[in-house]
Amino acid sequence: MKLLAKERKDVRIKYVWDPDRARAEKRSKELPGSKVTAELQAIWSDPEVAAVVICSETNRHRELVAAAAAARKHLFVEKPLGITAAESNEMAALIERANLIFTTGYFMRTDPKHLFLKEQVAKGNFGQITRARGSNCHSGSLGGWFDTEWRWMADPKIAGVGAFGDLGTHSLDILMWLLGDIETITADVKVITSRYGDCDETGEALFNFKSGVLGSLAAGWVDVADPVTLLISGTQAHAAIVKGELFFTCKAVPGADGKKPWTDLPSAPRVPLHQFCDAVGGQTGLPLVTPREAAARVAVMEAAYKAARAKTWVRVA
């Protein structure tokens, strides 16, 4: 939001609301021209407010989204959309019925490497895709990143998930964006340091896409490195993102021998929050995440955690 306030002359941030007054005051000072309000109704009833950005604790999303939809305010809602698939689908339905602009913070979709791979998948240049793997890990638990005001993010009762769901949802989104819906899943999540009690700090999932592709996902807060973030293997091509560089092997694409980083990439679109502001401002055809896509990612993560608890395979609802 600070960058938005600095970079966008066409956006005015009028209100900051937070149940924690001190936190609201801190954020308002970072956003010139904004003011703190203790009453949400002031936002919902103000005709000058065209859109809202919800970055609250996840367990507040349902109430806030419902109120915003009723007030017909366009919505940027930080991931995950909700804690359960049921409430996420409910929110998606409210947003759709109100015909509102929506997106969420799946910023990895703006990476040119991911955009290139989506093009290659769509063209069929991978042949039959056999397996895909995503990984999104950092050292948050090791570094105590959630020790202060972000402590709620390491409390699954508030955040809905722990480390596996928090980071994993980003790579999960890319995998589903590339390869479609997931049918069945199994997973294991673990506590490593116990720094945040029984909050999971790492996890792995194995799943079957409806297309028949076998997928896997790693995510966690206890990794000192995460060199291979995406891998796609097919009968006619192979791709791997290693240390931020794409290595692509495909006979159908001239020069794609996988021996050096592939740099012939599309340009990057603006990040999701900028896309959202552009859409509210009247631009059309932007690659926004739909409410149903956001809800579908929650459904897969919910199934993954159910599978981890039961130590079995679970069908995604």
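Described in the following lines is the structure provided in the data block. (Residues numbered from 1 in each chain as written. Predicted model: local features only at pLDDT ≥ 70, side-chain atom pairs only at ≥ 80, totals over all residues. Heavy atoms only, no water.)

### Concerning the pairing of strand E10 (residues 228-234)
Note the threshold: A simple rule labels every residue: compare its accessible area, found with a 1.4 Å probe on the protein chains alone, to the largest value its type can have, and call it buried under 20%, exposed over 50%, or partly exposed in between. Helix and strand assignments come from DSSP, with helices taken as H or I runs of at least 4 residues and strands as E runs of at least 2, each series counted from the N terminus. Strands are treated as partners if at least two bridges between them are detected by DSSP.
For E10, the buried fraction is high: 5 of the 7 residues fall into the buried class. By the bridge criterion, 5 bridges tie strand E6 (residues 129-137) to E10 in an arrangement that is antiparallel. Residue pairing in the sheet places Gly134 in a bridge with Leu230 of E10. Sheet topology places E10 next to strand E11 (residues 237-242); 5 bridges connect them, and they run antiparallel. Counted as the bridge partner of Leu230 is Ile241 from E11.

### Regarding the packing of helix H6 (residues 112-123) against helix H9 (residues 163-179)
When two helices pack together, their arrangement is given by the angle between their axes and by how far apart the axes lie. As a reminder, the rule being used: In this analysis, axes come from line fits to C-alpha atoms, helices being fitted only over the stretch in contact, and the angle between any two N-to-C directions falls in the range 0 to 180 degrees. By the definition adopted for this analysis, an angle is roughly parallel if under 35 degrees, roughly antiparallel if over 145, roughly perpendicular if from 65 to 115, and oblique otherwise. We call two residues in contact when some of their heavy atoms are within 4.5 Å. Gly is put with the polar residues, along with every residue not named as nonpolar or charged; the nonpolar set is Ala, Val, Leu, Ile, Met, Phe, Trp, Tyr, Cys and Pro, and the charged set is Asp, Glu, Lys and Arg.
Relative to each other, H6 and H9 sit at 30°, their axes nearing to 9 Å. Between H6 and H9, the crossing angle belongs to the class labelled roughly parallel. Taking contact as the criterion, the partners of His114, Leu115, Leu117, Lys118 and Val121 in H6 are, on H9, Ile174, Trp177, Leu178 and Leu179. Looking at the contact of H6 with H9 residue by residue, the class counts come to 7 nonpolar, 1 polar and 1 charged.

### A closer look at unusual backbone geometry
The residue after Lys79, namely Pro80, is reached through a cis peptide bond having omega -10°. Counting through the fold element by element, Pro80 comes out in the loop between strand E4 (74-77) and helix H5 (85-97). At Arg72, a position not held by glycine, the phi torsion is positive, near 60°. Arg72 gets classed as exposed once you look at its relative accessible area, which sits at 52%.

### Focus: a nonpolar patch on the surface
Short version of the rule: Patches in this entry comprise residues that are over 30% relatively accessible and not in a salt bridge; like charges within 9 Å are linked, as are nonpolar side chains (Val, Leu, Ile, Met, Phe, Trp, Tyr) within 5 Å. Per-residue and other accessible areas were derived by the Shrake-Rupley procedure at a 1.4 Å probe size, with only the shown protein chains allowed to occlude residues. A pair is scored as a salt bridge if a Lys or Arg side-chain nitrogen falls within 4 Å of a carboxyl oxygen belonging to Asp or Glu.
Residues Leu206, Leu214 and Trp313 make up a contiguous nonpolar surface patch of about 260 Å² in total accessible area. Within the fold, Leu206 resides in strand E8 (residues 202-209). Among the residues examined, Leu206 registers a relative accessible area of 35% and is labelled partly exposed.

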